[in-house]
Structure formats: structure tokens, C-alpha cells
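Understanding the architecture of this molecule
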Amino acid sequence: MKLVYVCALDIAAKSGALDHVLGVVNGLSSLGVDITLVARSSLEDRQIETPANTRIANTAGMSMPRSLAAVSKLARRVIGEIRPDCVYLRNYALDYPLLVRHLVDVPIYLELNAILESEYRARRQFLRGKIYAHLQRKTIASAAAWLPTTSQVLAFCRDASPVMKPNLLARNGVWVEDWKPTVPRTETRRNLGTPPNARVLVMAGFEKEWHGWDRAVETLQFLGRDYELWLIGSTDEVLRQRVQELATANGVGDQVKILGWLDKAGLADMIFAADVGLGALALDRKNMVEIQALKIGTYLALGTPAVINCPDPRISSSDATVALVETTDPKSSRQVFGDSSR
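Overview of the structure. (Residues numbered from 1 in each chain as written. Predicted model: local features only at pLDDT ≥ 70, side-chain atom pairs only at ≥ 80, totals over all residues. Heavy atoms only, no water.)

Description of the pattern of salt bridges
Here the structure, examined in full by the defined rule, presents 12 salt bridges. The residue E117 makes a salt bridge to K130 at a minimum N-O spacing of 3.0 Å. With E117 in helix α4 (residues 116-122) and K130 in helix α5 (residues 126-142), this residue pair connects regions lying 13 residues apart in the sequence. For K257, the salt bridge goes to E228, with nearest N and O atoms at 3.0 Å. On the criterion of sequence distance, the pair formed by K257 in strand β9 (residues 256-259) and E228 in strand β8 (residues 227-232) is long-range, its members being 29 residues apart. As far as burial versus exposure is concerned, K257 and E228 are alike and both buried. Several salt bridges converge on common partners, so that one network encompasses R185, R189, R199 and D275. (Salt bridge = Lys/Arg side-chain N within 4 Å of Asp/Glu carboxyl O. Helix = DSSP H or I, 4+ residues; strand = E, 2+ residues; numbered from the N terminus. Buried < 20%, exposed > 50% of the residue type's maximum accessible area, 1.4 Å probe, protein only.)

Put into C-alpha cells, the structure is as follows:
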């Protein structure tokens, strides 16, 4: 079976979403599928380790619309050359006009990780969200089958298409054996200048509005001076400045540590050294009622209790290692944050 997997992710950037894509590629390859990955890269002069049969659109210096146009153009060319049995498409903004409407002779298996209108509403880009929602509905209706990541996204697919399509919930998962600490907790803390008896909250990946890093920072002031917050996964200087300004305004500037992207071993050590792992704390900003964050599975794989503010169907309500914050008020959240520690 020949398959072309198309996504618009930047393969030169680190993210949980990219890890997911590479996991799908490697998994299908191990099953004997002849798979070609089409993606983009924002770095033209850097050697990037990629799976075999990866085709990359060079989008260095391009705006996001131009980047999407470039990766879509490459995907059309690759599909024309390979003539695959099907296309596995990770839904992205503008994929209908740039790619899907051109694919009339090949079935599309559509992976959906988000409802685009909700994503852009959270960014307060309302008009763009409406336009992308219209195009996303056309992509959904054109697909041969759907692979949504949550039941909420599946419900959106059913509403978007006049015809019900075959579907399967493509739930996110974590390979537990891959997540092992390499050093003791005390060593990681010592390297960061964190006292051994400090209570540490960690959020692995915090760049998006719905991650709710601001709520974590605001809650910190109500937890006491013996708490620290580690935010991992951004090199955006503007965002780092915003975090520091909010932390300082709340009197916790010296209790917040901001770290860039880490490799898997480094991230495992950081999570293992923490007392509580924070999932997304502001999913209400994009009207989501169900989440399957990769970070939650990673926390639990390393034995770190987690806090979420949106139910995860994979997790039993009786699981004592996961606490649900049912409020957006930082002062009211403090008890859950404090009680969830190791």
C-alpha cells in the first residue's frame, strides 16, 4: 500500500504535534506501508533528522499563508508522482483551496486535531476563524474517512458533512517506555537552583492561549513562597517577556523559571523532578470540553501527578493522580494545585 502523509507542521521546530506525526509515520512504516511524508521547514541551512521518504518544502522566511501554499504545492506534485492509494491529511488552515479541491482521484483520510473556528476565537481573530471554519467544513465533506482525536471534534465532523463518513477516534497516546529520567530529582533541582524541599509545578508546552500559563502564574501568588513554576517549551522572547511581566506584577517573579525546548531526556528529567504537572488550564477559551493532551500522558508516565481543567475520557474520575480544576479563578485553584503534589 502506498500512502502520502501531508501535514503543514514545521519539521525544524520541536512540538508534541510533530512527535505525533513522526510516531504515525514510523508506526505505519513498521506495518509495511510505503509512506511518504510531506512537511515544511523554516530552516534551510540545518540538517534535520527525518524519516525515510520525507519531502520537505523550504519555507524559510515565508509568511504562514505562503508557507501553507508552498507545502500544498509540494504535496500536489508528490501525489502526482507517486500516485498513492490514499492521502493521509493532517487538517490545516487553507488545505481545502490549496490541496483538497485538487485531489479528485485519490481518497483522503482526514486527521482532525482541532475545530479551527474555536482555535482562532481563542486568539480573538474572529473573522479569520469564520473563514477557516467554512473551509474546514468543505475539507471534512470531501474526505473519504475521518480520524478525529476527540468525540467533540467527531461531532463537528458530523455537523459539517451532509454524508456520514467512516470514522475512528484517533486518540493521542504516549509510549510509556520512552519516558525515563536519566538523573535523580535532586540533581535536576540543584542545577536549576531550586531548593530540595520546594514544591514545583511544571507545564511542558505553554505557548498557546489555551495552555493557560497566565492562570498558573496568577495562582502561584496564593500558594506561598515555597512553590516554583517551571514553564518549558518556548524560545519566543516576546512571550517570555509577557510571562516575566505578569509574574513580577503578581509578586512571584523569582518563583517562575522559563525554559526553551528540551530533548526527550532533558524533558523527562524536568518532569520527574517536579511535584505537579499542569495540563492546559484555559481550554474554555476555545470552547473545548474534551482534551487528550500528550503532556498529561507524559506526566503520568514519569509518576508526576497532573492537574487539568477539562475532562479527558482516557482517565478515570477515580484516578487519584489526576485532579480536575473546575474554576478559572486563580485563588480558588490553589487548593487543587497544592493538594495534587507527589
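Comments concerning the packing of aromatic side chains
In this structure the tally under the stated criterion is 1 aromatic pair. Considering the side-chain rings of Y5 and Y88, the 4.7 Å spacing of their centres and the 70° angle between planes classify their relative orientation as edge-to-face. With Y5 in strand β1 (residues 2-10) and Y88 in strand β4 (residues 86-90), this residue pair connects regions lying 83 residues apart in the sequence. Across the pair, Y88 and Y5 agree in class, each one buried. (Phe/Tyr/Trp six-rings, centres within 6.5 Å; stacked < 30°, edge-to-face > 60°.)

Interpretation in functional terms is not warranted from these geometric data alone.
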